[in-house]
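Okay, here's what each chain looks like letter by letter:
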Amino acid sequence: MSDASHREASAYPFQLLFVPFPFVCFSLALGTDIAYWRTANLMWSNFSSWLLFAGLVAGGIAILAGLIDLLRRRTRPMRPSFASIVLFIVMLLLAFTNSLVHAGDGWTAVVPYGLLLSAITFVVSLMAVSASSRKYTRLAWRV
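Just so you know, these numbers come straight off a predicted model, no measurement behind them.

### Points about the overall build of the chain
Stage number 1. Scanning the chain from N- to C-terminus turns up six helices and zero strands.
Stage number 2. In the chain, the succession of α and β elements from N to C terminus is α-α-α-α-α-α.
Stage number 3. Of the contacts made within the chain by residues no fewer than 6 positions apart, 80% connect residues no fewer than 24 positions apart.

In structure tokens, the structure reads:
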């Protein structure tokens, strides 16, 4: 491995390994909440709870990886924008609240508040992706 390619590899942000997982988990949680709302099959509610938990764990690891990236000099130019950081944290807080709502029993654990929180979390996650993609697009194209 040449010295130049070693420097490029060391500049890869750790957070990019973990950030996509919460978005996927929270999007799937919305889908399983909709499935539970339409079928009343308890399996979908359990899937939602586990997806929310997995997304929160991955989100926590992503925040720790982001803090490590802040300490690394080579990854500082690639850190996300302030808006995307705030939206990511808001998304995690909404998902945590949603996880508490899903901890209830039966139908009322999902419908209507769990489903509503899942939808709001999904919209905030889309906003976070949009905010962070603008930053990386400018960096990649040097705009």
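Once the structure has been displayed, the description carries forward.
### A short note on the nonpolar core
Stage number 1. Phe-26, Phe-88 and Met-91 are the most contacted members of the largest nonpolar core, which totals 17 residues.
Stage number 2. Of the residues forming this core, the biggest block, six residues, is contributed by helix α5 (residues 82-102).
Stage number 3. Discounting residues that sit within four places of it in the chain, Phe-88 has contacts with Val-19, Pro-22, Phe-23, Gly-59, Ala-62, Ile-63 and Ala-128.

### Focus on the packing of aromatic side chains
Stage number 1. Considering all chains together, one arrives at four aromatic pairs under this definition.
Stage number 2. Judged by centre distance (5.6 Å) and plane angle (80°), the ring pair of Trp-44 and Phe-47 falls under edge-to-face. Placement of the pair is Trp-44 and Phe-47 together in helix α4 (residues 42-71), with a separation of three residues, close to one helical turn.
Stage number 3. When its relative accessible area of 26% is taken as the criterion, Trp-44 is described as partly exposed.
Stage number 4. By relative accessible area, which is 40% here, Phe-47 ends up partly exposed.
Stage number 5. Here the basic side chain of Arg-38 rests over the ring of Trp-37, its NZ or CZ set 5.0 Å away from the ring centre.
Stage number 6. One cation-aromatic arrangement involves Arg-72 over Phe-14; the distance from NZ or CZ to the ring centre is 4.3 Å.

### Topic: a nonpolar patch on the surface
Stage number 1. Taken together, the side chains of Ile-63, Leu-64, Leu-67, Leu-70, Ile-85, Ile-89 and Leu-93 present a nonpolar region at the surface, about 610 Å² in accessible area.
Stage number 2. Listed by contribution, the elements that provide at least two residues to the nonpolar patch are α4 and α5.
Stage number 3. Among the structural elements, Leu-93 can be located in helix α5.

### Points about the pattern of salt bridges
Oppositely charged side chains may form a pair once their charged atoms are brought near each other.
Stage number 1. According to the stated counting rule, one finds one salt bridge in the structure shown.
Stage number 2. Among the ionic pairs, Arg-72 bridges to Asp-69, the shortest N-O distance being 3.2 Å.
Stage number 3. Exposure remark for Asp-69: the relative accessible area of 4% places this residue in the buried category.

### Considerations on the packing of helix α3 (residues 20-39) against α4
Stage number 1. Closest axis-to-axis distance for the α3/α4 pair is 8 Å, and the angle between their directions is 165°. Taken together, the axes of α3 and α4 lie roughly antiparallel to each other. When you trace α3 past α4, the crossing you get is left-handed. For the pair α3 and α4, contact is made by Phe-21, Pro-22, Cys-25, Phe-26, Leu-28, Ala-29, Thr-32, Asp-33, Ala-35, Tyr-36 and Thr-39 and by Leu-42, Trp-44, Ser-45, Phe-47, Ser-48, Leu-51, Leu-52, Ala-54, Gly-55, Leu-56, Ala-58 and Gly-59, respectively.

### Concerning unusual backbone geometry
Stage number 1. Of note, the bond from Val-111 into Pro-112 is cis; its omega dihedral lies within 30 degrees of zero at 0°.
Stage number 2. With respect to the helices and strands, Pro-112 occurs in the loop between α5 and α6 (113-141).
Stage number 3. One non-glycine residue, Ala-40, lies in the positive phi region at around 60°.
Stage number 4. For Ala-40, the location among the structural elements is in the loop between α3 and α4.

### A look at the side chain of Thr-75
Stage number 1. Position of Thr-75 relative to the elements: it lies in the loop between α4 and α5.
Stage number 2. Residue Thr-75 is classed as buried on the basis of its relative accessible area, which comes to 1%.
Stage number 3. At a separation of 2.6 Å, a polar atom in the side chain of Thr-75 contacts the main-chain carbonyl oxygen of Asp-69.
Stage number 4. Separated by 3.2 Å, the side chain of Thr-75 and the backbone oxygen of Arg-72 make a polar contact.

Cut-offs used in this document
- Residues numbered from 1 in each chain as written.
- Predicted model: local features only at pLDDT ≥ 70, side-chain atom pairs only at ≥ 80, totals over all residues.
- Heavy atoms only, no water.
- Helix = DSSP H or I, 4+ residues; strand = E, 2+ residues; numbered from the N terminus.
- Contact = heavy atoms within 4.5 Å.
- Core = buried A, V, L, I, M, F, W, Y, C linked by side-chain atoms within 4.5 Å.
- Buried < 20%, exposed > 50% of the residue type's maximum accessible area, 1.4 Å probe, protein only.
- Phe/Tyr/Trp six-rings, centres within 6.5 Å; stacked < 30°, edge-to-face > 60°.
- Lys NZ or Arg CZ within 6 Å of the ring centre and 35° of its normal.
- Patch = residues over 30% accessible without salt bridge, like charges linked within 9 Å, V, L, I, M, F, W, Y side chains within 5 Å.
- Areas by Shrake-Rupley, 256 points an atom, 1.4 Å probe, with all protein chains shown as cover.
- Salt bridge = Lys/Arg side-chain N within 4 Å of Asp/Glu carboxyl O.
- Axes fitted to C-alpha atoms, helices over the stretch in contact; angles between N-to-C directions.
- Parallel < 35°, antiparallel > 145°, perpendicular 65-115°, else oblique.
- Left-handed = near helix turned anticlockwise from the far one by under 90°.
- Polar contact = N/O pair within 3.5 Å; in protein donor to acceptor, adjacent residues only side chain to side chain.

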